[in-house]
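Summary of the model geometry
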2 protein chains.
Amino acid sequence: MTTEQLTNEIRKKKSFLCIGLDVDLNKIPAHLLDLEDPIFEFNKAIIDATHHLCVAYKPNTAFYEAYGLKGWKALEKTINYLNTKYPEIFTIADAKRGDIGNTSTMYAKAFFEDLAFDSVTVAPYMGKDSVEPFLAFDNKHTIMLALTSNTGAFDFQTQNIDDKALYKHVLEISKSWENSERLMYVVGATKAEYFKEIRTIVPDSFLLVPGVGAQGGNLQDVCKYGMNNQVGLLINSSRGIIYASNGTDFAAEAASKALDLQQEMEMILGL
Amino acid sequence: MTTEQLTNEIRKKKSFLCIGLDVDLNKIPAHLLDLEDPIFEFNKAIIDATHHLCVAYKPNTAFYEAYGLKGWKALEKTINYLNTKYPEIFTIADAKRGDIGNTSTMYAKAFFEDLAFDSVTVAPYMGKDSVEPFLAFDNKHTIMLALTSNTGAFDFQTQNIDDKALYKHVLEISKSWENSERLMYVVGATKAEYFKEIRTIVPDSFLLVPGVGAQGGNLQDVCKYGMNNQVGLLINSSRGIIYASNGTDFAAEAASKALDLQQEMEMILGL
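Residues numbered from 1 in each chain as written. Chains lettered and ligands numbered in written order. Predicted model: local features only at pLDDT ≥ 70, side-chain atom pairs only at ≥ 80, totals over all residues. Heavy atoms only, no water.

Each copy of the sequence occupies a distinct position, and chain A is placed on chain B by a rotation of 180° and an axial shift of 0.0 Å, giving an RMSD of 0.0 Å. Taken together, the rotation and translation relating the two chain copies correspond to the operation of a two-fold axis. No C-alpha of chain A lies nearer the rotation axis than that of A:Ile161, which sits 2.4 Å from it. Of all interface residues in chain A, 98% are interface residues in chain B too; the two copies therefore contact each other through one and the same surface. (Least-squares fit on C-alpha atoms with pLDDT ≥ 70 in both. Contact = heavy atoms within 4.5 Å.)

Shown next as structure tokens:
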């Protein structure tokens, strides 16, 4: 999917919502646990109930890997379901991978070819030759961690290198990498005031923004400073939507929470 | 496994060699491709031929994920084989994971509990609350990237924060984290001169050292500056050993390459 197609979907649905599919068997409704593949059944119900309110889904691979083979199988079924039934949806493998050249290529193949995700999240610590292998894939997007929404972000990301925070350094240097137009960035919502400066460095890139809701970020502030004329934002919500209820009404309650966010987004897009 | 047990194994085998099991179906002997699980059969043959010459095996998860479900299954069979047949071997899931708190816990469960590895590699970019969840596991080890052996290491890792390179900052700050005694660090062999300073920061920690051989690092230089009185080094070699031959003699040739390194290590340990 191209970023133009993504922006068109955003305009059409009046939503730039991404729903995080972080499925924890301890949190999903008990009645699903008797099914053969509770993780996939949970995802399927959530997707069917919310696909018209969002433009992206983001399974975090950790939650699937934790269940071994059956988890990986559920991830495969989930992405296949999305690609078959809702091909207009932008898909993100939230994997935060990063390794040396040829090994990064293997990760890229895993997520872009074997699983056919539109994008994957990567970590920047190992630098250019750990990220460029992901950027080599046509019509795929690599979403690099810049400023994350956790408290540990202040350990290294906001430390100054030559009077400039590491995360800004990461943003700037990455622009010189081959196929850098395929980069998007993770920027946490908990620090909305940082978006203004980030937009001076990467005015055109899409930003994937976790931390609205559960982690305390404010949607309107993020949009005020972070939105560009292609919208340029994907706001992620995971637990706040998918665990809105753990009863038999879980999918409907998830849709209700997604609708709240979509309506707020529609209002912002209309301003 | 405790670090004392690891050091004892090193003394017993006169080896601090770690063999990287980075299995690429395009590189393994063609006669294996007809078998039901060529990845596992390759690993099993390599392990059986080399286990007495090394103290650790390190599958890089990228190579397994690239083959989807069958890859993940081969990884599971490989770690089960190691834990059952060679429980004295230290096992490393080279996964370079890192995520926010509860998500890191899911990754830790995936590698420490579901797959029962002794250790996992993690990336430091997201800071303390992304790594501490891994450190909460008793008798398990978390191997954090410090200074990697690729050229991209110079993009961020060696950049100065307050006149101190980021990777040194990473080493120092991590020492204050809870259960930091369970940390080990990845330090690339291509920069042997850096080991001296690294040892002033983390004198007691084990260092996992890639980049000897294929990537050009020199074993004797690394040992000169990096070894401590518990040995404190695991030298990894992947391609140089496992792809020594792609004929039917691949396991014997791998053993021969491993023996060369083990003998060099025995000499160094005897000095």
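Picking up after the structure, the text goes on.
Residues and elements named next belong to chain A. The element helix 6 (residues 128–135) is largely enclosed, with a buried count of six among its eight residues. Within helix 6, the full set of buried residues consists of Ser 130, Val 131, Glu 132, Pro 133, Phe 134 and Leu 135. Contact partners of the buried residues in helix 6: strand 3 (90–97), helix 5 (101–114), strand 4 (119–122), strand 5 (141–147) and strand 8 (183–187). (Buried < 20%, exposed > 50% of the residue type's maximum accessible area, 1.4 Å probe, protein only. Helix = DSSP H or I, 4+ residues; strand = E, 2+ residues; numbered from the N terminus.)

What follows is about the sheet that holds strand 5 of chain A. Backbone-to-backbone hydrogen bonds join strands into a sheet, with any given pair of strands oriented parallel or antiparallel. All names here are of chain A. Read around the barrel, eight strands follow the order 1-2-3-4-5-8-9-10 and close on themselves; strand pairing throughout is parallel. The mean inter-strand angle of the sheet, taken between neighbouring strand axes irrespective of direction, is 30°. Lying over the sheet, helix 4 (residues 68–85) contacts strand 1 (17–21), strand 2 (56–59) and strand 3, oriented at roughly 150° with respect to strand 3. (Pairing = 2+ DSSP bridges. Axes fitted to C-alpha atoms, helices over the stretch in contact; angles between N-to-C directions.)

Right, let's talk about the interface of chain A and chain B for a bit. Opposite the 57 residues of chain A that make contact, chain B presents 56 residues. Both faces considered, chain A and chain B share a buried interface measuring about 4900 Å² in area, 62% of it formed by carbon and sulfur atoms. In this structure, the connection of chain A to chain B is made through four salt bridges. Of the charged contacts, one joins B:Arg97 and A:Glu65 as a salt bridge, the two residues approaching to 2.9 Å between their closest N and O atoms. Taken together, the connections running from chain A to chain B amount to 26 residue pairs in polar contact (both at pLDDT 80 or more). (Buried area = accessible area lost by both parts, 1.4 Å probe. Salt bridge = Lys/Arg side-chain N within 4 Å of Asp/Glu carboxyl O. Polar contact = N/O pair within 3.5 Å; in protein donor to acceptor, adjacent residues only side chain to side chain.)

Let us now look at the packing of aromatic side chains. Both the distance between ring centres and the angle between the ring planes are used here to describe each pair of aromatic rings. All names here are of chain A. Counting across every chain of the model gives 18 aromatic pairs over all chains. Plain terms: the ring middles of Phe 42 and Phe 250 are 5.2 Å apart, the flat faces sit at 10° to each other, and that makes the pair stacked. Note that Phe 42 is positioned in helix 2 (residues 38–50) and Phe 250 in helix 11 (residues 250–270), a separation of 208 residues in sequence. Per residue, the accessibility class of Phe 42 equals that of Phe 250, and both read buried. (Phe/Tyr/Trp six-rings, centres within 6.5 Å; stacked < 30°, edge-to-face > 60°.)

What follows deals with the packing of helix 7 (residues 166–174) of chain B against helix 8 (residues 194–201) of chain B. Residues and elements named next belong to chain B. The interhelical angle for the contact between helix 7 and helix 8, taken along N-to-C directions, is 25°, at an axis separation of 10 Å. Judged by the angle between their axes, helix 7 and helix 8 are roughly parallel. When you trace helix 7 past helix 8, the crossing you get is right-handed. In this structure, helix 7 contributes Tyr 167, Lys 168, Leu 171 and Glu 172 to the contact, and helix 8 contributes Tyr 194, Glu 197, Ile 198 and Ile 201. Taken together, the residues of the contact of helix 7 with helix 8 break down into five nonpolar, no polar and three charged. (Parallel < 35°, antiparallel > 145°, perpendicular 65-115°, else oblique. Left-handed = near helix turned anticlockwise from the far one by under 90°. Nonpolar A, V, L, I, M, F, W, Y, C, P; charged D, E, K, R; others polar.)

This paragraph deals with the pairing of strand 4 (residues 119–122) of chain B. All names here are of chain B. Because side chains alternate across strand 4, one face comprises the buried residues Ser 119 and Thr 121, and the other comprises Val 120 and Val 122, equally buried. Both strand 3 (residues 90–97) and strand 4 contribute to a ladder of three bridges, which runs parallel. Looking across to strand 4, one finds that Arg 97 is bridged to Val 122. Between the parallel elements strand 3 and strand 4, the chain passes through helix 5 (residues 101–114) in a crossover that is right-handed. With four bridges connecting them, strand 4 and strand 5 (residues 141–147) associate as parallel partners. Among the inter-strand pairings, Val 122 is bridged to a residue of strand 5, identified as Met 144. (Right-handed = clockwise from strand over helix to strand, strands pointing away.)

Of all hydrophobic cores here, the largest spans 212 residues; its most connected members are A:Phe111 and B:Phe111. Non-local contacts of B:Phe111, meaning those with residues more than four positions away in its chain, are made with A:Glu65, B:Thr61, B:Trp72, B:Ala93, B:Ala95, B:Arg97, B:Ala116, B:Phe117 and B:Val120. (Core = buried A, V, L, I, M, F, W, Y, C linked by side-chain atoms within 4.5 Å.)

One pass over the structure, following the stated rule, counts 28 salt bridges over all chains. Through salt bridges with shared partners, a single ionic network connects A:Lys58, A:Asp94, A:Lys96 and B:Asp99.

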